[in-house]
There are 2 protein chains.
Amino acid sequence: MIKNILCLSLFVVFGFIVHGQLLESPNGKLKLNFKIEEENPYYALQYKGKTILKDSKLGFVLKPATSYFSGFKIENIQYSFANNTWTTVWGPNKQVADHYNEMLVHLIQNKTGWKLDVRFRLFDDGLGFRYEFPIQHELRHFTINNEMTSFNLGKDYKAFWIPADYDTNEFPVTTSRLTEISKQIDEVRKEPLAAKAPSATLAVQTPLMLKSQDGIYINIHEAALVNFPAMTLNLDEKNLILSSNLTPDKNGDRGFIQTGSVSPWRTVIISDDARDILASNLIVNLNEPSKIKDPSWIKPVKYIGVWWEYFTGGGSTWTYSDQQDIRIGETDYKTLQPNGRHGANTKHVKEYIDFAAANGFDAVLVEGWNEGWEDNQAYRKEHIYSFTKAYPDFDVKELQAYAKSKNVKIIMHHETTSSAVEYERQLKDAFKFMKDNGYDAVKTGYVGPIIPRSEYHDGQWMVNHYRYVTETAAQYQVMVNSHEAVRPTGLHRTYPNWIAQESARGTEFESFNGNKPDHTTILPFTRLIGGPMDYTPGIFEGDLSVYGNNKAKLSTTLTKQLALYITMYSPLQMAADLIENYKKYPDAFQFIKDVAVDWDSSYILEAEPGDYVTIARKAKNKNEWFVGGITDENPREATVDLSFLAKGQKFEAVIYKDGKNASWNHHPKDYEILHQQIKSNEKLKIKVAPGGGFAISIKPVK
Amino acid sequence: MIKNILCLSLFVVFGFIVHGQLLESPNGKLKLNFKIEEENPYYALQYKGKTILKDSKLGFVLKPATSYFSGFKIENIQYSFANNTWTTVWGPNKQVADHYNEMLVHLIQNKTGWKLDVRFRLFDDGLGFRYEFPIQHELRHFTINNEMTSFNLGKDYKAFWIPADYDTNEFPVTTSRLTEISKQIDEVRKEPLAAKAPSATLAVQTPLMLKSQDGIYINIHEAALVNFPAMTLNLDEKNLILSSNLTPDKNGDRGFIQTGSVSPWRTVIISDDARDILASNLIVNLNEPSKIKDPSWIKPVKYIGVWWEYFTGGGSTWTYSDQQDIRIGETDYKTLQPNGRHGANTKHVKEYIDFAAANGFDAVLVEGWNEGWEDNQAYRKEHIYSFTKAYPDFDVKELQAYAKSKNVKIIMHHETTSSAVEYERQLKDAFKFMKDNGYDAVKTGYVGPIIPRSEYHDGQWMVNHYRYVTETAAQYQVMVNSHEAVRPTGLHRTYPNWIAQESARGTEFESFNGNKPDHTTILPFTRLIGGPMDYTPGIFEGDLSVYGNNKAKLSTTLTKQLALYITMYSPLQMAADLIENYKKYPDAFQFIKDVAVDWDSSYILEAEPGDYVTIARKAKNKNEWFVGGITDENPREATVDLSFLAKGQKFEAVIYKDGKNASWNHHPKDYEILHQQIKSNEKLKIKVAPGGGFAISIKPVK
């Protein structure tokens, strides 16, 4: 197969060589130009004849201050292409087409003889390029001082941005022009978060979503972040140039590199139709195929959990005792006075297992099951938790037997409080404990600043840590759902047991009024570009004052919560609300019970970042379809073009939509459920309330 | 037992209370005074009526800048004493007397209500005191900004010092007045070492040896360094006050403390006879008893090794191949071209096993047995070595079978190149590999700067790392000999499997002319105060030019090398030279074959730091005695008072002494061996050459 591509590429090479260092996308709409000017390498990008990126820099500055970006000449250029289709382990689509033209530029630095390769891949929907550091005699190890890569926009785009921060991706998203960021960023950075390490520069996180005045959508991110720090983007607001700002360690080093390795791909997804951004497979295509040879143990999961009750203000808590002086391995929990508010107790978890079994959920997440929560002091304490010792009132064996008898899994929880080395110390024992007790999935957490104390969440060391955890988990056939880790870059293709991540502002922020109605209309264009998010939707009781002193109110209507199961793609989906609330609204809950978590195909029907998203998906290996549509704070009429259904057949749709009086801030629980026969040549028009949404389940008429 | 002590102490309490906050040593020669003046706590110390320490500060500054040293009042004081004897697992003495009076001062800070306890123990030979941070409601976690503890000498002592450095203890020792340190320290700090992190302040390492003009010897160090950074000593050269300078991490934090814990003991050993400093057991007495309940697997070891040949310049090397682009887990060593100079090959190791077996050695150390040496890039690379995968020419199974058949152990080597987290990742697998293959001891190494990159060798994190390694080793019944770790503080009492450390300038520095003739007359007063040192003596061929281009010459005579087996106490002693050299001098080698490595009793016969040391020791459970005496660059006549022998009996002595023409720089191999009958009422007079030494083995006449 590889040989065939190379043979064919010879012809293509010839075709390209007459144009110089030019590369076109397969459909010809994207054109990349690479050049050396005054010994500096540049790339530029056109889309449908419009300049998207003007001449943009490439290369690095090495420590202490050595140029690895200038003084280059081209040694040689190789062209190739690929046009393949691969099968996902799970995903929004069963099959993914991988179709690109490639240009590999071999550079050599005149003075030093150092080599640097740049590999460009042009897809129909965008560009990926990465640096390759060949094995060479003159250069074996180096430390990155700075990456020079720039994205020379030269225009003032509308941006959906969060501030660059090396320790968190949990800021609310701000929508503004690029030139307005500098005025707003300081205020945004005041947001209280568990760990913050703001970039000293004017910079924003990726995935960064941009829209030009003439309707071009651009998404800048990276793919296959392996053994490298995460990239944020410096903004030169005068010249409107974005440039790579790698996450440093606390000593200011931005990556320790051994030649014979590659950088992550820098990605630019481009279209004049916002739906193409959501439909793009560019990021996963730039990741390596699965390293897990037999992935049959990896299964998408719909789950409930002992979790939201910790946020409602109802009094339930992670801790077993109110005594705070705790030393893991020394403190004998059996001698402690229980506080009577501990959520993860055997009886209560059994209630969740019962409900999961009765309603077809795969699993129950239990947080607060293990010793140490009373003294969870981030950064100041290294040995906070035991990952193999349960609280006295959480009977591991009894619960596992009970769960097994009901065909339900319990999801393990490993909150590390960012004590990452200690987690690595316990890691194998922790996974062994899981396997011995029937667990097959773990939610990891990284709240607070990191130990090792030289590191940030998004630096090279932690990037390696998350992968080490995931790889080790795979050895034990454990699926990983990481929270507060670096945002994803498509590595779930390579490690499909990395089944979801949080790495953004999730539903938990609703418990203190933290999310705005447009939040979930933006996330699919930003955070989700890198991979699935464990957003934990499904909150029916949006008024938290019913539980006690918490006055927070949800930013969505009830049916928008249903829509999120479709619009916020994840193979791991939680029904996050309390059991009692699902029991109050059994008709709406039916959608959560029905909705699939793995898919044959996905159809992006409507999309505009910050405004609305409507998506349809076909359940994997089933003749069932589910549609979700959401809007921001503005009401709208959604159009659901049903042409994704088989022609000529009749289908039965159940439509969950906002009621007449519904809006996110008034009567959010006003909803209606319609049953309707539909056909593929129809278009449904559905009114969506302010902050609202709708969900549809579709089956063939029997 | 404890109860008895407490009952008796009531009487003592009464006796002391009349003097206020005064504590006396059991023999009354040391007097400690504790007081609060203007709400600040102070201690002061007298020896035989002379003031040794004037009013000296106590306490801490907490982060960010909070006083935990002032505003105190005494809440309560408790007095007690102990007079016990305990048995060592190994040591210079089988029995150790632990006899002290104690004062425990409970302080409370007026404004904050924070509590701080100071526990003073006064022995006949010195003072130990530590801070205790009681569990309290107001204070649970804190970060140390600075320790205020001072040692207010108020006089200009002669000091035997190395510069304070957070990453190394390998500087040569300088002898000067305290007031001369500032003029010399910058020059001394230029010494090239693999990792250096000099204190920004004028400061020196502990153990610091001092001598006053009126002949008082003082040694300042610490005992039981656990979960705390190592202490160095700032020097206020104007007021002649030393004060604690804790090793920070790279963020400037000097210890993360949870209350309910204690600091290490700050120790001051005092005498007007230098021999008492060497004989002191104060440091071990201040450490906790052994945590290893059955220590029967821990055995002192005399060993040879594939080691010195790497330093001689003879061409032998740790690496298997000359290819440097190595990736552990990816590089297939079987495909590499061997360089033909690899020391740790099966055939060569067998030669060492044969020689060990023929000459009664317990073990053979083999360095360079495992994958990774070709690319041992400290700090820049994290995964340097495999600790479970041998080079292709080192046959683990075959060598273990061979060694076992000869009743010899192979000592494992784990050079970490200071990649400490990676070592922890592999630790349990590495120890399991050792047990599976018959190894029972490991030499660990920490060359170069540390990963985690926030840490120094002597900071709290690494202090915890070394202990974690030692504790984990104990679980696998593995003895540890750590090199380049933090200098010892008597923890070998608590973890007797921590059988030796390097943590100073050892014999390897002789291979580049790095040690002066007085070096080993100082180390017993400095480095060895904390615990045994794997100094690796026994170099007979001191002229390295015989091997090739190395022009280094040893700083000792041949018989001084023999004396070091006695003067440099260690239960782990190497005969470091090449086999061929021992074969050339079989008569001198006989002493190395004979000398014991564990002892019933030790007798410090003569001692003056920087000038000479003469020590006799009785072999454990044997009627054999061994004497070693060394001098600095000056010749002298040693006096060996034989009164340590049983009275009335006749003994046969073999005396290994410098020949008439011997000196360290001319004819170092000129030696003579005398056989002589001796009795306990005699004194041997032995001429010692410049840079020379002598050794004596003694047995009863049959």
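The name an unreviewed UniProt entry assigns to chain A is Glycoside hydrolase family 97 protein, from the organism Chryseobacterium pennae. UniProt's Subunit (unreviewed entry) comment on chain A is quoted here verbatim: "Monomer."

Colleague: Is there a simple way to explain the packing of helix 7 (residues 420–436) of chain A against helix 7 (residues 420–436) of chain B in this structure?
Modeller: A pair of packed helices is characterised by two quantities: the angle between their axes and the separation of those axes. It is at 10 Å that the axes of helix 7 of chain A and helix 7 of chain B come closest, and there the two elements cross at 20°. Viewed along their axes, helix 7 of chain A and helix 7 of chain B adopt a mutual orientation that is roughly parallel. In this structure, helix 7 of chain A crosses over helix 7 of chain B, and the sense of that crossing is right-handed. Here A:V421, A:E424, A:R425, A:K428 and A:D429 of helix 7 of chain A lie close against helix 7 of chain B, whose contacting residues are B:V421, B:E424, B:R425, B:K428 and B:D429.

Colleague: When you look at the relation of the copies chain A and chain B in this model, what are you seeing that I'm missing?
Modeller: The two chain copies are connected by a rotation around an axis plus a translation along it. Once chain A has been moved 0.0 Å along the axis and rotated by 180°, it coincides with chain B to within an RMSD of 0.0 Å. As the rotation angle and translation indicate, the two copies are arranged about a two-fold axis. Considering only C-alpha atoms, the part of chain A nearest the rotation axis is A:S454, at 2.2 Å. A shared interface surface links the copies, since 97% of the contact residues of chain A are contact residues in chain B too.

Colleague: Mind showing me how you'd approach the UniProt feature "domain: Glycosyl-hydrolase 97 C-terminal oligomerisation" (unreviewed entry) in chain A here?
Modeller: Under the UniProt annotation, the feature "domain: Glycosyl-hydrolase 97 C-terminal oligomerisation" (unreviewed entry) is placed at residues 598–699 of chain A. Along residues 598–699 of chain A the backbone is 0% helical and 59% strand, and the end-to-end C-alpha distance reaches 16 Å.

Colleague: It is not clear to me how the domain arrangement of chain A should be interpreted in this structure. Could you clarify?
Modeller: Interface size is commonly expressed as the accessible surface area that is lost when the partners come together. Residues and elements named next belong to chain A. Each assigned domain of chain A is listed here: domain 1 (6–285) and domain 2 (301–593). Domain 1 and domain 2 are separated by 33 Å when their C-alpha centres are compared. Taken residue by residue, the interface counts 51 residues in domain 1 and 47 residues in domain 2. Carbon and sulfur atoms make up 61% of the surface buried where domain 1 meets domain 2, a total of about 3900 Å² over both sides. Inspection of the region where domain 1 meets domain 2 yields two salt bridges. Scanning the region where domain 1 abuts domain 2 turns up 24 residue pairs in polar contact (both at pLDDT 80 or more). A per-element tally of the side of domain 1 that touches domain 2 places strand 17 (residues 217–223) first, with four residues.

Colleague: Please clarify how the sheet that holds strand 6 (residues 66–68) of chain B should be interpreted in this entry.
Modeller: Pairing between the strands of a sheet comes from backbone hydrogen bonds, and it takes one of two forms, parallel or antiparallel. All names here are of chain B. Here we have four strands laid out as an open sheet, ordered 6-5-11-20, and antiparallel in their pairing. Each end of this open sheet is capped by a strand with a single partner; those strands are strand 6 and strand 20 (256–258). Averaged over all neighbouring strand pairs, the angle between strand axes comes to 45°, with direction disregarded. Bridge analysis of strand 5 (residues 60–62) against strand 11 (residues 141–147) gives three bridges, and the strand direction is antiparallel. Bridging across to strand 11, F60 finds its partner in E147.

Colleague: Sorry, what's going on with the interface of chain A and chain B here?
Modeller: Across the boundary between the two partners, chain A contributes 37 residues, which contact 36 residues of chain B. Taken together, the two surfaces of chain A and chain B that pack against each other cover about 3000 Å², and 42% of this comes from carbon and sulfur. Taken as a group, A:R140, A:H141 and A:R380 account for 20% of the area that chain A buries against chain B, more than any other trio of residues on that side. Between B:E424 and A:R425 there is a salt bridge, and its shortest N-O distance comes to 2.5 Å. Linking chain A with chain B are 35 residue pairs in polar contact (both at pLDDT 80 or more).

Criteria and thresholds
Residues numbered from 1 in each chain as written. Chains lettered and ligands numbered in written order. Predicted model: local features only at pLDDT ≥ 70, side-chain atom pairs only at ≥ 80, totals over all residues. Heavy atoms only, no water. UniProt positions renumbered as here; feature names shortened; annotations may be inferred. Axes fitted to C-alpha atoms, helices over the stretch in contact; angles between N-to-C directions. Helix = DSSP H or I, 4+ residues; strand = E, 2+ residues; numbered from the N terminus. Parallel < 35°, antiparallel > 145°, perpendicular 65-115°, else oblique. Left-handed = near helix turned anticlockwise from the far one by under 90°. Contact = heavy atoms within 4.5 Å. Least-squares fit on C-alpha atoms with pLDDT ≥ 70 in both. Domains from an automatic or database assignment. Buried area = accessible area lost by both parts, 1.4 Å probe. Salt bridge = Lys/Arg side-chain N within 4 Å of Asp/Glu carboxyl O. Polar contact = N/O pair within 3.5 Å; in protein donor to acceptor, adjacent residues only side chain to side chain. Pairing = 2+ DSSP bridges.

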